[in-house]
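# Coordinates in review
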Amino acid sequence: MWDHEIRAMASTHAIIAASMLMATVVPAALVPGFSVYGTHLLWIYSVSGAVAAVSVAIFWLLGISPPTRKHTLGYKLSRLFRSCLYFFLSCMFFHIVVVLYGAPLIDSALETFSLAVLLSSLTTLRCLCVLGPNVQAWIRVFSRHGAMSVWDTCLQITVALTVLGAWMGAFPIPLDWNRPWQVWPISCSLGAVFGYLSGLVVAPTWIHYHRKQLTYKCK
Amino acid sequence: MPAFEETCSSRPAQCRLYPFRADPPTTTMQRIKGLTTGSLPTFVDMGSNFASRAISDDNLIHQFGQVGKRVVFMGDDTWESLFPKKFYRSLPFPSFNVHDLHTVDDGILQNLYTTMVGDEWDVLVAHFLGVDHCGHRFGPDHPAMADKLIQMDGVIRSVINHIENDTLLVVMGDHGMTETGDHGGESQKETDATLFLYSAIPLFPGPPSQDEPDVVPQINLVPTLALLLGVPIPYSSVGQVLLPLFPEFGPAQGAVAGLSQLEALWINTKQVSRFLVTYSALAKDIPSESLAVLQHQYENLSSEYLTFTREGRSPPRELSLALQAYLTSVQDVCRATWARFNPLKMAAGLIILALACLMCFTVSEMSSVLVRENNFRLRATVVVALLVGVCVAAGQLLSWGYVELAWCMAATAFTSELFFLCQALQSKTSTGVKNEAKAPKSASWRTPRYLLSPPLVVTLLRFASMLSNSYVITEGQVVTFLLRSLALYIPLRLNWDGLLLPANQDPSKPASLLPSPASPPSTVRKESSTLVAFFALLVGSLYLSLFFHGCREEQHACQPSPFLSSLARVKDNQLKNIFYVLSVSSLAVWTYLLRKCLQHYGNLNSSGGTVFTARWILPLLSVCLGLHWAVSASPENSFRNLSELIKLAQIFIPRAAYCLLGLGLALIWLDPLTVFVKTRPASGTLKNLSVPPPRYRASTGISPQAELHHLIPQIYQRMRRSLDDGETSGASEVDNRPAVEAYGLGTVYSAPLLLFCGLLGLGLLHLHPEGMALSFLLLLFEMGALLHIHASSTTLCDLRGVYSGGFNVPWTPVVLWSLAATQFFHATGHLPTFSSIQWEAAFVGFPGGHTGTFLPASLVTLNTFASHILFAVGCPLLLFWPLVCEVRGSRAGKASGEGGEDAVMEMRLREKPQLFSSALLQLSARYLFILGLQVFASVCAAAILRRHLMVWCVFAPKFMFEASGFLVSCVSLLLGVSLVLRVDVAVGHWFKRLVPDVSR
């Protein structure tokens, strides 16, 4: 029913996952002393950058983003500007949420903000790519009947799994195992990344098996 | 203490200084027991620290008495209660009042020197308490502590100067103290103290040599003193003699001892081995292989020693070392295996507890059935259970000859639970057969989807977190995290169901799904924004509440909250003033908010007891609190001429507050109605909530009961209409018929309950340090936020016609409520450890100490479980709040008979008494289930991990706190529910009175 979309989605996800892998492997070859735990912030930024660049490129090429009403350059620029603003705002939003969930307020603000950037580039950026800078549509997507295309359903799944992963990443922090990955924010960012990766796998699979039940009003 | 160092460096042969290590728990009574019996403590003894019973074991004091030594005692009166009538002369001074730094010490000093010089004693025990109390009150780094230590230094110097040649001076601390000056736990700061030995003549060969002990365990003093004084070592002592005090070879050179080192060791070894044999024959908890090793070791040593003495040779040094090693290993084995467990009883307890939780769950799931079928054969259950209990008792009597009450009660509980569950199963199947429509609904909780719903997941996570010591240690943060996550789930879920945003904005939504949404989008939007605003308030207060946490010893990087120490401890005057102003203003906000809330719903108009309480007692109580804080925070020596007045005020202001609190609570209980009835409309004074006179037609043919049924909706339709437009009141006036106005009837249930909670909260705040006022204010905010979130989400569901079924409270708010109770246990500075109990609470209003133990114990309990009490009493509010906040016409689809505008708030409950009682039962059963699950988790943790390294410092205290918190919560929940029932009865009477009035 949605075979074409599902195939496109699977290949997109494969490319994104590969880019994340590259973002981990390539700096290890280039930067001396690079490791996921040791230079964690660098890893976070490299992964976020890779995911951001690849998703923006792919979604732009695929042309999934909603059709724009005007085609003037000024309108496109303002959209771009608004997207950047929304991305920054979402970083702030995630930062505040993470602090409210118990992250230290002042001590490791940079680490917390890096986690917020990672979460934003894994979730908000995809929203921006699929739905455009439209908060109303974002809120609408996350309801039972809100998805209007296969890509919206995929967005629901990946975002939910990413946030869930980051949430579960907080569980091992209080344990007294003294492992390197228990340091803030390593477990949370690892959780978010694993959640995102599993979302990349789960979304096409789930949609494939439920393609008979999926009905969308538009499209 | 410069006295120690100076003496030891100038006279090394007369003096020794050792670190002195206690066995936890480091409470005073346990230490005195340890220091006199020489045995290791059993943990559970700790609870009786303040109700010390006489020691029944063999002990030093008893042995001294046996041989006719005259023991003179002065100081801490714990000794007197432990050793009643054992002293030759005794001068006990009251010890329980930690505010009193000087009475005990001054009392000792007045008598110490005269007694020392006199000849009326052989052993003199002087137990000073000032340093301990100073630590409790001010902490170790306060100037008062310096004064106290300087005083003690002087005392030791003068005693050293007074001491005679045949006397040994032993100065020791029975325990240390933590950074905050408390003790009771097992951190090194608490267990380690000093042992200082001094004699006027040279006792030791020279300065301390290499082979002297590094650290002296406390119990080692017992055999040492016993052998030095020539009395038998107490029977159950496992201590090891302190060798340096005995001469190495024979009694030749020392004037003090009659025994050589080896002889002392030998006597000690024989005594310990005898005790070990008897003990292991009685209790089987020492592992048999280590017992065999010890036994073998002992036989070897004894034969070796006996051969040497028989041959008259001087035994080698190795023998002495081997004897010491034997004694040390006995001590280690005993320490490891002292706690005894009974696996059978533990398993039985776990099963009974699990069944009880299951029972609560069943009750909550089928509350409506239970309420409908009044004859649920509860009586039969009780009778059968009692019979089984009696049978078990009889069986025990016949087979063993004595009755063990625990087993009888266990059998009773077990049978009743089984019986109940069987009946529940039966009735479930029978109802399932009766109406097939209900069957899938009742079976739904068995599906995995139901088990994966977030409230239950959070409950299970909480359950699992009890099993890990790290999670128990950081419980405050963990619970806050879970609370936030679950609270976030409510708006997310609403959004997922498409209920958060107005439907008309939703082009994607199929219109057929909505059963004609009567609600305008503005209402939905308003409700959603209320929800989001209160969610923000909840998250904010949760975040702020983290600043009020205390610290466990295990959390090294943690700083306890500055608000936790009482104002008297704050040294900087300006800081003190700021704290005071903050506390008082939050107190004022608390009072103001409560009154405002009651006023908003029109509950402050009548002249009943509850209204009197709200109008006068509540403000008076908070004024009392503010005054009390001011008085207790004033520095001790600042107002010399007013000191008498301050002392008086410290007694009478808190007592006045207690009286006001009691009076207020009693008034609410006696006269809970806040309804103001007017028989004639006075349109000039009508406020927003005033009710126009509902006309009542006296129909002669109808019984009062039927009239009553007719009247209630009438009143409320009128009330509704008046809110819709004020014109109706004018119209009704024209009619000039018998009329009734009722103010505040819409919140008739919740108003007294709310006021009750508010008053109780003030009373509990009274027992806390002043800074906790802020935390209590946050608690009020959080309660309000939770209630409003619950109310808004219910309203949003109702607005869209998603009928949730009766007045039932779903799981999510109940779980949130119980998590909040635990969360504020931590946010009011409490921790599940014994050293963090706020003993100061016992002296609020009783600065002179207590005579009994009941009053201080209950005050401390109230202080410790304040948040449990408040949340349990306020639990029924969850049921009322959606009704209080309901939006006009929201339940349009449900109520068919009364038309669209029937928002009669809580009177809806009276219209459907069955649904009301079943919802109330369900709510309490759910709350109990969640609390019970927590207790069950902590019991499991303590049982499974009983050999865990952390069991005595993490799991066992956690279990005790959880269990007592559960008991307190149960009692408070009963109190809250019975208050609701009391109001129900009162409302019934009120209507009965009203009907004849009107129909006349």
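Residues numbered from 1 in each chain as written. Chains lettered and ligands numbered in written order. Predicted model: local features only at pLDDT ≥ 70, side-chain atom pairs only at ≥ 80, totals over all residues. Heavy atoms only, no water.

## Points about the overall build of chain A
Just so we agree on the cut-off: Every helix listed is a DSSP run of H or I at least four residues long, and every strand listed is a run of E at least two residues long, numbered separately from the N terminus. Burial here depends on accessible area, computed with a 1.4 Å probe over protein chains only, as a share of the maximum for the residue type. Under 20% is buried, over 50% is exposed, and the range in between is partly exposed.
Each helix and strand counted, chain A has eight helices and zero strands in total. Across chain A, helices and strands are ordered from the amino to the carboxyl terminus as α-α-α-α-α-α-α-α. The dimensions of chain A, computed from C-alpha atoms along their principal axes, are 50 × 40 × 35 Å. By the burial criterion, 47% of the 219 residues in chain A qualify as buried.

## Considering the domain arrangement of chain B
Basically, it comes down to this: These domain limits were set by an automatic method or by a database of domain assignments.
On domain assignment, one finds that chain B holds domain 1 (2-231), domain 2 (246-250 + 258-340), domain 3 (343-426) and domain 4 (453-502 + 520-574 + 582-673 + 748-889 + 903-994). Distance between the C-alpha centres of domain 1 of chain B and domain 3 of chain B: 51 Å.

## Focus: the sheet that holds strand S7 (residues 216-217) of chain B
Residue and element names in this part refer to chain B. For clarity, the cut-off: Only strands that DSSP links by at least two bridges are regarded as paired with each other. For this analysis, residues touch if any pair of their heavy atoms sits within 4.5 Å. Think of each axis as a best-fit line through the C-alpha atoms, taken over the contacting stretch in the case of a helix, with angles from 0 to 180 degrees between the N-to-C directions.
Spatial strand order, S5-S6-S1-S7: four strands in an open sheet with mixed pairing. Taken across any chain shown, the strands that pair with only one partner, and hence form the sheet edges, are strand S5 (168-172) and S7. Both strand S1 (residues 15-21) and strand S6 (residues 192-199) contribute to a ladder of seven bridges, which runs antiparallel. Among the inter-strand pairings, Arg21 is bridged to a residue of S6, identified as Asp192. Helix-sheet contacts for helix H1 (residues 2-10) involve S1, S5 and S6, and the interaxial angle to S1 is about 135°. Packed on one face of the sheet, helix H9 (residues 221-229) meets S1, S5, S6 and S7 and runs near 165° to S5.

## A word on a nonpolar patch on the surface
Residue and element names in this part refer to chain A. Quick reminder of the rule: Within this analysis, patches are made of residues with over 30% relative accessible area and no salt bridge. Like charges are joined at 9 Å or less; nonpolar side chains (Val, Leu, Ile, Met, Phe, Trp, Tyr) at 5 Å or less. For accessible areas, the Shrake-Rupley method is used with a probe of radius 1.4 Å. Any residue's cover is judged against the shown protein chains and nothing else. A pairing counts as a salt bridge when a side-chain nitrogen of Lys or Arg comes within 4 Å of a carboxyl oxygen of Asp or Glu.
A contiguous nonpolar patch, built from Met22, Val26, Leu30, Val31 and Leu42 and spanning about 430 Å² of accessible area, is present on the exposed surface. In terms of residues, the nonpolar patch owes the most to one element, helix H1 (residues 3-30), which gives three residues. Topologically, Val31 is positioned in the loop between H1 and helix H2 (40-62). Residue classification places Val31 among the partly exposed residues on the basis of a relative accessible area of 33%.

## A short note on the packing of helix H19 (residues 454-465) of chain B against helix H21 (residues 475-496) of chain B
Residue and element names in this part refer to chain B. The criterion, for reference: Reported orientations rely on four angle classes, namely roughly parallel under 35 degrees, roughly antiparallel over 145, roughly perpendicular from 65 to 115, and oblique for the rest. Ten residue types, Ala, Val, Leu, Ile, Met, Phe, Trp, Tyr, Cys and Pro, are classed as nonpolar, four, Asp, Glu, Lys and Arg, as charged, and the remainder, Gly among them, as polar.
Direction vectors running N to C along H19 and H21 enclose 170°, while the axes themselves pass 10 Å from each other. Looking at the two axes, H19 sits roughly antiparallel to H21. Each of Pro454, Pro455, Val458, Leu461, Arg462 and Ser465 in H19 lies in contact with H21, whose residues at this interface are Glu475, Val478, Val479, Leu482, Leu486 and Tyr489. Here the residues of the contact of H19 with H21 are counted per class, giving nine nonpolar, one polar and two charged.

## Digging into the pattern of salt bridges
All names here are of chain B. Following the criterion strictly, the structure yields 12 salt bridges over all chains and no others. Between Arg926 and Glu365 there is a salt bridge, with the nearest N and O atoms lying 3.7 Å from each other. On the criterion of sequence distance, the pair formed by Arg926 in helix H35 (residues 913-944) and Glu365 in helix H13 (residues 343-365) is long-range, its members being 561 residues apart.

## What to know about the nonpolar core
Residues and elements named next belong to chain B. This is how the line gets drawn: Joining through side-chain atoms within 4.5 Å is the link that ties buried Ala, Val, Leu, Ile, Met, Phe, Trp, Tyr and Cys residues into a set, and such a set is a nonpolar core.
Core analysis: the largest hydrophobic core is formed by 142 residues, its most contacted members being Leu765, Trp817, Phe871, Leu879 and Tyr927. A domain split of this core shows at least three residues from each of domain 3 (343-426) and domain 4 (453-502 + 520-574 + 582-673 + 748-889 + 903-994). Not counting the four nearest positions on each side in its chain, Leu879 is found in contact with Phe807, Val809, Phe916, Ala919, Leu920 and Leu923. With 58 residues, the next largest nonpolar core counts Val125, Leu221, Tyr298 and Leu327 among its residues.

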